[in-house]
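A structural walkthrough
Here's the letter readout for the chains.
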Amino acid sequence: MQPSSDVLITLDGLSSLVDALRGRGYQVVGPKLRDGAILYDELESADDLPSGYTEIHAPGSYRVERRDDEARFGFAVGPHSWKQFLLPPRIRLWRARLNGGAPEVEEEPPPEKPFAFFGVRSCDLAAIGIQDRVLTGGRYVDHDYAARREGIFVVVVDCAEPGRLCFCDSMGTGPSAESGFDLALTELMNGEHRFLVRIGSERGAEVMAEVPHEAAGSPDQDAREALVDNARASMGRTLDTEGLKEDILQNLEHPRWDEVADRCLSCGNCTLVCPTCFCVGVEDTADLTGEVVERDRVWNSCFSLDHSYVAGGSVRQSGRSRYRQWMTHKLATWHDQFGTSGCVGCGRCIAWCPVGIDITEEAAAVRVREGAGDENA
Amino acid sequence: MKTLDQVVLDSPLFAGLCEGCPEQLAGCSKTIGFEAGETLFREGEPADVFYILRKGRVALELYVPGRGAMTIETIEAGDVVGWSWLFPPHTWHFDARAVAPVRAIVVNGACLRTKCEADPLLGYELMTRFSAVLLERLNATRLRLADLYGGGRGG
Amino acid sequence: MAVEPLQLSPGPMVPVPYTVRSRGRETADTWTIELEPLAGQPIDPEPGQFAMLTAYGVGEVPISLSGRGAGGSLIHTIRDVGAVTAELCRIPRGGTIGVRGPFGTTWPLEEALGGDVVVLAGGLGLAPLRPAVEGVLAQLDAYGRAYLLYGARTPGDLLYPQQLEDWRTEGLDVRLTVDAGTRSWLDRVGFVSALLDDVTLDEPAVALVCGPEVMMRVTVGALLQRGVPAERIYVSLERSMSCGIGHCGHCQLGTLLICRDGPVFTWDEVGGLLTVREL
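Residues numbered from 1 in each chain as written. Chains lettered and ligands numbered in written order. Predicted model: local features only at pLDDT ≥ 70, side-chain atom pairs only at ≥ 80, totals over all residues. Heavy atoms only, no water.

1. Quick notes on the interface of chain A and chain C
Listed by partner, the interface residues are 54 residues for chain A and 46 residues for chain C. For the pair chain A and chain C, the two sides together bury roughly 4000 Å², of which 59% comes from carbon and sulfur. On the chain A side of the contact with chain C, Tyr 140, His 143 and Gln 337 of chain A bury the most area, a combined 15% of that side's loss. At the surface where chain A touches chain C, the tally comes to one salt bridge. A salt bridge links Arg 295 of chain A to Glu 60 of chain C, with the nearest nitrogen and oxygen atoms 3.1 Å apart. At the surface where chain A touches chain C, the tally comes to 26 residue pairs in polar contact (both at pLDDT 80 or more). (Contact = heavy atoms within 4.5 Å. Buried area = accessible area lost by both parts, 1.4 Å probe. Salt bridge = Lys/Arg side-chain N within 4 Å of Asp/Glu carboxyl O. Polar contact = N/O pair within 3.5 Å; in protein donor to acceptor, adjacent residues only side chain to side chain.)

Here it is in C-alpha cells:
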C-alpha cells in the first residue's frame, strides 16, 4: 500500500469519475434501484446510484429500505452479480448458414463497448477471480468470457455495513479488497461526504488524472481502516472452513442431506444469484427454412433434472442428491477442480432461497459425524 | 485310461472332495457322449440324471411360441448340467441341447440321493458345492435380467 | 482513449464442418459413420478420446472415437437414443456434421506393453474400445496374451461381427457371449464377466473395460478377484456433457470432470466414487 497514491474525491468527483469512464468509451454498469431491488444496470451518471437506500437481508427475504442519510453505497449485494455481464444468462455463440453442405460459421463477437464495473464488493471481486480460473485458467479458454473480461475497468467499493447474511471474512474474500482493481472507493461520511480512492493500476491512475481530486491524508486512511475493522466485526454469519472439504466428502450419506432435501424446492434460485455458479448448457436452433442455424449458450442449474441426464435417465434423480451436488461442489470439490473454494461468502443464496436454507448452517450440520466407530469423531 | 473317480476329481467342481466320495459318485455314473445338435433332455421329461461336462458346450433352451427356441444359458466344460434331480417333482424345466460335441459323465440322481442319505458327509459336500454354483448362476442371471445393455452410450 | 476488444480466432465451442463419407447400420438402433473435414486436416483423436458431434440445428453430443479411416477420417459408432443421435444416425452420405475435439484421456496401450492385456466390452462399450483393440493388434507381439471378452444382449446386438472374426484370425483371443441366444448362436450365453473364468492372466496384466456402469462394476469386481490391481484396470465413464472443455459443469463425478480428467480412468481413481448413489 502506497499512501501517497491514495486520493480523495467529493460527490462531484464521483460524478466526474462516471463521466470520465463513459467518455473513454466504457459501458458503465453499477448498482441501481429498479424493480424493488438494487440491481446492476447501466449508469448514465452517478445520479443513477441508489442514493440513500439500503438492503435488509434475512433467510428467504430481501427488502430495500430508505436510509436516513444519502450514502451512495449504503448496501451490500442484491440478486445480481457481475456474471450478468461476464457470463450472461443467454448469448449466441455462433450462427451458421448451411449453404447446402458447406456451412459458413460466424462466431458471435463480444460486446463492442467494454464494461466498467462501478461498485464491485470485495466478495464479488473474488468471485470474478474464481470464474476467471474456471473459464480461462484451464486448457481451454472461454472466448466470450475472456473477451468481456479483457477490457473491463473495475471500481471496487468497500462495504461499511455488511449485510446480515455476509461471511466474506470467513471465506477470506473481504471485507476489503487489496488488489485486482483499477480503483477502490471507500465512502466516508464522517464530516464532508467524500470518497477515499485507492489507485490499483496504471489505467486507474490515468482515469483519475481526469477527475478533480486531492491527496488523502492519514485521518482519511484511519477512517477507512476503522470502517473495515468494524465491517469485519459485524459479519452476519460465519463459516468454519478448516477441514471443511474433507468433512463434507466423508459425510456424503449424512442424514442432514435428507433433512435439507425436505425443505429444498430445487428451484435453483441459489445458482442464479451465486456469483461463482457457472454451469451452462447450449441450445441449437434452426430457422424455419433450416438454412440458418444458431447455437446459444444459456445458464443451467445443477438443480434441474436435465443437468445430469445421460441416455437412460438422470443420474441425480432425487432432490437430495441435487442439493448435495450443489453444496459439495461449492464448498468441497471446487477446491480439487479449480484450486479454491467456490464460495465467497456473499450470502445471496441464503436471502434468495424461498425457504431460507442457510449454507453456513448446513455446512456446520453436515460436518457433525454420526455414529460410533468413527476414528475422527 | 482314467477311472471314473479320477475323472470326477478332474472336474473343478469336485476338486478336493471328501475321501472316498469320488468313488461313491463314480458308483452312480458312467461316461456318455452327444453329437452336436443332439438333445440331452426336454422340458417336462423326468429328470433323474445330471451331467458333468468334460468337453463341449450345452445350451439350455426355452421354447417360446412366436420366438422359437431361445438359448437362455450355455454350460461349458467343467461345469454341471441339470439340477432338477435334486428336488421333487424331478422334471426338467428347460430343454438341453449339445451345441458342440459333448463328452460327459452322466450321474444317476436316484442312486446318488440314496448314497447321500446313507453318508451325510457326501451329501453335505455335494450340497455345498452345488449351492455355490447355483448362487453364481443366480447372480449372473439377475445381472442379465437387469437388461443393462438397454441403455446406450453416445447420448 | 477507447479500449480495443480482444481479437480471437474461432473458439473451442465452434464446430468444424465435416462430411459423412460413408455410413452403415450396425444393429437395429446403431450406426457407424465416417467423417472427413470439408477443408484441412481431420483432428487427430487417440484411442479413448471423444469428439462433440453437432447435428446442425438440432444439437450436439459427445461420441467416442471408434476408428480412423483413410486419410485419418473419423469413425464413430452412434446409438439412436434421442433427438440428436437420431439425427446423426439419419444424416445421409454427403451430409454435414460439425466436429469439435478431440477431448479427454486415452486408453493406456503403452502401459500394457510387455504384459497380458484383456479388453472387456459390454454392449455398445465395444465402440470406444475398438481403437484400443486395433492398437494392440498393430503390435501384438509386444504384448503377452491379448484377449477381447465381449458380451451383448443378443447375437444381433454384437457390433462389428466381421471384424471380430478378422481379429481372431490376426491372433487376438476373442470370446463372445450374449444374454439370450437363438438356435443359430453356437457360442456362450451368460453374463460377460463369466468369460473371465477361463482366461489365464499373469502379472503384470492390464484390463480395459467399457460398457454400462453396472457391467463395469461387476466385471471389475471379477478382475480384482483375479488379482489385477485397481491401478491397472481402466474404465471409460460417461456423464452428461454440454461443452467437452471443462466449462459447463455438467460432467462432474465428485471431484472429477469426465471431459477433462477422463473419460478413461483407472479403477482406483473412480471406484469409490461410483459406489456413492446419485453422485
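The rest of the description comes next.
2. As for the sheet that holds strand S8 (residues 116-122) of chain C
Residue and element names in this part refer to chain C. The strand order S12-S10-S9-S8-S13-S14-S17 describes an open sheet built from seven strands, whose pairing is mixed. Strand pairing shows two members of the sheet lacking a second neighbour, strand S12 (188-189) and strand S17 (264-266), which therefore form its edges. Those strands touched by helix H3 (residues 126-138) are S8, strand S9 (146-152) and strand S13 (205-210), and its axis lies near 160° from that of S8. (Pairing = 2+ DSSP bridges. Helix = DSSP H or I, 4+ residues; strand = E, 2+ residues; numbered from the N terminus. Axes fitted to C-alpha atoms, helices over the stretch in contact; angles between N-to-C directions.)

3. Focus: the environment of Ala 77 of chain B
All names here are of chain B. The residue Ala 77 is located in the loop between strand S4 (68-76) and strand S5 (80-81) in this model. Between the alpha carbons of Ala 77 and Pro 12 there is a distance of 9.7 Å; along the sequence they are 65 residues apart. Not counting chain neighbours up to four residues away, the residues in contact with Ala 77 comprise Leu 53, Arg 54, Lys 55 and Gly 56.

4. Here we look at the pairing of strand S11 (residues 194-199) of chain A
Residue and element names in this part refer to chain A. Among the six residues in S11, five count as buried, and that is most of the element. Taken together, the four bridges between strand S1 (residues 7-10) and S11 define a ladder with antiparallel strand orientation. Across the sheet, Ile 9 pairs through a bridge with Phe 195, a residue of S11. One ladder, built from six bridges, connects strand S10 (residues 183-188) with S11; its direction is antiparallel. (Buried < 20%, exposed > 50% of the residue type's maximum accessible area, 1.4 Å probe, protein only.)

5. A word on the pattern of salt bridges
Residues and elements named next belong to chain A. Inspection of the entire model under this criterion finds 66 salt bridges over all chains. Between Arg 224 and Asp 158 there is a salt bridge, with its nearest N and O atoms 2.8 Å apart. Remark: Asp 158 occurs in the loop between strand S9 (153-157) and helix H5 (168-171) and Arg 224 occurs in helix H7 (residues 218-233); sequence separation between them is 66 residues. In terms of burial, Arg 224 and Asp 158 fall into one category: buried.

6. Let's talk about the interface of chain C and chain B
At the interface, 36 residues of chain C touch 24 residues of chain B. For the chain C and chain B pair, buried surface summed over both sides reaches about 2600 Å², with 54% attributable to carbon and sulfur atoms. Together, Arg 183, Val 189 and Phe 191 of chain C form the three largest contributors to the area buried by chain C at its contact with chain B, with a combined 22%. Here chain C and chain B share four salt bridges between them. One salt bridge connects Asp 147 of chain B with Arg 153 of chain C, and the closest N-O pair in it is separated by 2.6 Å. Inspection of the region where chain C meets chain B yields nine residue pairs in polar contact (both at pLDDT 80 or more). Mapped onto the side of chain C that touches chain B, the elements with two or more residues apiece are strand S4 (59-64), S9, strand S11 (181-182), S12 and helix H5 (213-225) of chain C. When the residues that make up the side of chain C that touches chain B are grouped by side-chain class, the tally is 18 nonpolar, ten polar and eight charged. Of the pairings in the sheet, the one linking S4 of chain B to S11 of chain C comprises two bridges and is antiparallel in character. Looking across to S11 of chain C, one finds that Thr 71 of chain B is bridged to Gly 181 of chain C. (Nonpolar A, V, L, I, M, F, W, Y, C, P; charged D, E, K, R; others polar.)

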